[in-house]
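# Per-entry structural report
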Amino acid sequence: MNSLSLPRHARLLTTACLIASLSACSDEPPVVQPVKAVRTLVVGANAANSVTTETSTRAYPGEVKARFETQLGFRVPGKIVSRLVDSGATVKRGQALAKLDAADFALQVAQTNAQAQLATAELKRFQDLRSKNFVSQAALDSRIATATSAQAQAKLTRNQAAYTTLTADRDGVIAAVFAEAGQVVAAGQSIIRLAPNGDREIAISLPEGDISRLHVGAAATITLWSRGENAPVMTGQLREIAAAADPLTRTYAARVALPASAGNLPVGLSATVRFAAAKDEASSHAIPLSAIFQNEQQMAVWKVGAGETVTLVPVSISRYAGDQAIVTHGISAGDRIVTAGVNLLAANQKVHAVAAVSATTAAENTAPPLTSKAPAQPAIPATATTHSAQ
């Protein structure tokens, strides 16, 4: 029978069925993302992943120094014949510290004194001759200049002879000695470093990562190693930070000023300087580095939400501490984040949490491998063995 002879409603029904069947054949089944097994932790669940006072406070080893230290040296060259003080000695202003061989300087003094006396005697004779108008005024002026020059030269050599004894220019402590008896030194060469009495500071070195979080005037606490664990804590302030890093250590030299009561501290004592955490680190959280996912230029973490699905959340990291990152913004206490397998996830993907562990444990371990046991082989019935044997 021809389809044209079918009723109109029957033709429409046939066409609809054909279209439906063709559509069903062309539709592809929806792609279902597999459930990923990941390791997670709950932020702030315990002290391991919360930044406490000890972890948020940075400690730096340092050494007690005098605020002003003087490099002392002879003002004339020569050979050292004696060194009168040792490192650590307490000295007074004007006290002799070292001496040079002064024999040559004594000869120069004798020579210039003789020339000065001769010039002075000739000046007197010319003054008498001038009073009788036997010599011109120009000749007298020349003798006056010669006598003045000779006297000045004699005074200069006497001063140089006095410079053969190196003396302390103020009260203090000998911090270091750089030369020994018998050594020939140049003028101005450092022989002794003198730490004057008075202000004391702690010299420390700051790594590059801590320069941005510290500023001049920041409060600090100082403990001295020599006084033991129960030593009283002193307070101080960060006085200066070097403008350039040390070319060898790549650290920045800094000085922490001590209170006036610490002016009698021995130079060279070892100390520990601690700076309080910044305000934005007061509620920070330490998470393992394995939880960090770098999304273009932004650091982020995968946060597990409702329905066990993950969402990428940007975070702000203030610094790194060993195998942990200190996060100041982006996550809160109670959030559950992925700590292993972050590079294998996609937005809104469903995950299966293997375990929720502390930050320390999660940072040391990686995601466990997804393995499946092979099904056990069924035992062969005894009857089958019997028939086979037959």
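Residues numbered from 1 in each chain as written. Predicted model: local features only at pLDDT ≥ 70, side-chain atom pairs only at ≥ 80, totals over all residues. Heavy atoms only, no water.

## Section: the packing of aromatic side chains
Heads up, the condition is: When two rings of Phe, Tyr or Trp (its six-membered ring) have centres within 6.5 Å they constitute a pair, described as stacked for plane angles under 30 degrees, edge-to-face for angles over 60, and tilted for the intermediate range. Helix and strand assignments come from DSSP, with helices taken as H or I runs of at least 4 residues and strands as E runs of at least 2, each series counted from the N terminus. Classification of residues uses two cut-offs on accessible area relative to the type maximum, computed with a 1.4 Å probe and protein chains only: under 20% is buried, over 50% is exposed, and between them is partly exposed.
Tallied over the full model, the rule gives 2 aromatic pairs. A ring pair is formed by Tyr60 and Phe275, whose centres lie 5.8 Å apart and whose planes are at 65°; its orientation type is edge-to-face. Separated by 215 residues along the polypeptide, Tyr60 in strand E2 (residues 58-66) and Phe275 in strand E15 (residues 270-275) bring together distant segments of the chain. What makes Tyr60 buried here is its relative accessible area of 3%. Take Phe275: its relative accessible area is 1%, and that puts it in the buried class. Taking 5.8 Å as the distance between ring centres and 50° as the angle between the ring planes, the aromatic pair formed by Phe293 and Trp302 counts as tilted.

## Quick word on the confidence of the model for the protein
Here is the rule we go by: The predictor attaches a confidence to each residue, and that confidence, scored 0 to 100, is pLDDT. We call two residues in contact whenever any of their non-hydrogen atoms come within 4.5 Å of each other.
When pLDDT is averaged along the protein, the result is 80, and 77% of the positions lie at 70 or above. Note that pLDDT drops below 50 for residues 51-55; the model gives that stretch 8 contacts with residues more than four away or on any other chain. pLDDT under 50 marks residues 356-390. Its contacts with residues more than four places away, or in other chains, come to 33 contacts.

## Notes on the pattern of salt bridges
Rules: The rule for a salt bridge is simple: a side-chain nitrogen of Lys or Arg has to be within 4 Å of a carboxyl oxygen of Asp or Glu.
In this structure the tally under the stated criterion is 13 salt bridges. Between Arg83 and Glu180 there is a salt bridge, with the nearest N and O atoms lying 2.8 Å from each other. Taken together, the positions of Arg83 in strand E4 (residues 78-83) and Glu180 in the loop between strand E8 (172-177) and strand E9 (184-185) put the pair 97 residues apart, joining distant regions of the chain. Take Glu180: its relative accessible area is 43%, and that puts it in the partly exposed class.

## What about the sheet that holds strand E16 (residues 285-288)?
Applied cut-off: Here, any two strands with at least 2 DSSP bridges between them count as paired. Simply put, an axis is a line fit to the C-alpha atoms, just over the touching stretch for a helix, and the angle between two N-to-C directions goes from 0 to 180 degrees.
Pairing in this open sheet of 3 strands is antiparallel, and the strands run E16-E21-E20 from one edge to the other. Only two strands of the sheet have a single neighbouring strand rather than two, namely E16 and strand E20 (316-321). Mean inter-strand twist for the sheet, computed between neighbouring axes without regard to direction, equals 35°. Direction of pairing for E16 relative to strand E21 (residues 324-329): antiparallel, over a ladder of 4 bridges. What sits directly across from Pro288, in E21, is Gln324.

## What to know about the sheet that holds E8
By way of backbone hydrogen bonds, the strands of a sheet pair with one another, either parallel or antiparallel. The 4 strands lie next to each other as E3-E10-E8-E5, forming an open sheet whose pairing is antiparallel. Looking along the sheet, the strands with just one partner apiece sit at the ends: strand E3 (70-72) and strand E5 (90-91). Of the strand pairs in this sheet, E3 and strand E10 (residues 192-196) are connected by 3 bridges, and their pairing is antiparallel. The residue of E10 that forms the bridge with Leu72 is Ile192.

## Quick notes on the nonpolar core
The cut-off we apply is this: Here, nonpolar core means buried Ala, Val, Leu, Ile, Met, Phe, Trp, Tyr and Cys residues that are tied together by side-chain atoms lying within 4.5 Å of each other.
The biggest cluster of nonpolar side chains holds 20 residues, and the ones touching the most others in it are Ile202, Ile204, Ile222, Val256, Val273 and Phe275. Those elements giving two or more residues to this core turn out to be E2, strand E11 (200-206), strand E12 (219-224), strand E13 (234-241), strand E14 (252-257) and E15. Setting aside anything within four residues of it in sequence, one finds Val273 in contact with Arg58, Ala59, Tyr60, Ile202, Ile204, Ala220, Thr221, Ile222 and Val256. In this structure, Val85, Leu97, Leu166 and Val185 belong to the second largest nonpolar core, which totals 18 residues.

## Some thoughts on the side chain of Thr157
Along the chain, the position of Thr157 falls in helix H4 (residues 137-162). Each residue touching Thr157, except ones within four places of it in the same chain, is listed here: Gln108, Val109 and Thr112.

## Describing the pairing of E10
Among the 5 residues of E10, 5 are classified as buried, and the element is accordingly described as predominantly covered. Neither face of E10 is open: one carries Ile192, Leu194 and Pro196, the other Arg193 and Ala195, and all of them are buried. Sheet topology note: the E8/E10 ladder contains 5 bridges and is antiparallel. Its bridge partner lying in E10, Ala176 is registered against Arg193.

## Some words on the packing of helix H3 (residues 103-131) against H4
What counts is decided by this rule: The cut-offs work like this: below 35 degrees is roughly parallel, past 145 is roughly antiparallel, 65 to 115 is roughly perpendicular, and the gaps in between are oblique. Helix crossings are classified by the rotation of the near helix relative to the far one: an anticlockwise turn of less than a right angle makes the crossing left-handed, while a clockwise turn makes it right-handed. Residue polarity follows a fixed list, in which Ala, Val, Leu, Ile, Met, Phe, Trp, Tyr, Cys and Pro are nonpolar, Asp, Glu, Lys and Arg are charged, and the others, Gly among them, are polar.
Here H3 crosses H4 at 160°, and the two axes come no closer than 8 Å. Between H3 and H4, the interaxial angle falls into the category roughly antiparallel. As H3 packs across H4, the resulting crossing turns out to be left-handed. By residue class, the composition of the contact of H3 with H4 is 13 nonpolar, 12 polar and 4 charged.

## A short note on H3
How we decide: Every helix has an expected span of 1.5 Å times one less than the residues it contains.
Taking 1.5 Å of rise per residue, 29 residues should cover 42 Å, and H3 covers 43 Å from first to last C-alpha, within 8% of that figure. Turning to H3, the residues buried within the fold contact H4. Where H3 terminates, the next one or two residues include Asn133, which has phi positive at roughly 65°.

## Looking at the environment of Ala219
Within the fold, Ala219 resides in strand E12. Distance in space between the C-alpha atoms of Ala219 and Gly236 is 6.0 Å, their sequence separation being 17 residues. When sequence neighbours within four positions are dropped, the list of residues in contact with Ala219 reads Gly236, Arg274, Phe275 and Ala276.

## Section: unusual backbone geometry
One non-glycine residue, Arg250, adopts positive backbone phi at about 60°. Relative to the helices and strands, Arg250 is located in the loop between E13 and E14. With relative accessibility at 43%, the residue Arg250 sits in the partly exposed group. In this model, Glu308 sits at a positive phi of 60°, which is unusual for a non-glycine residue.

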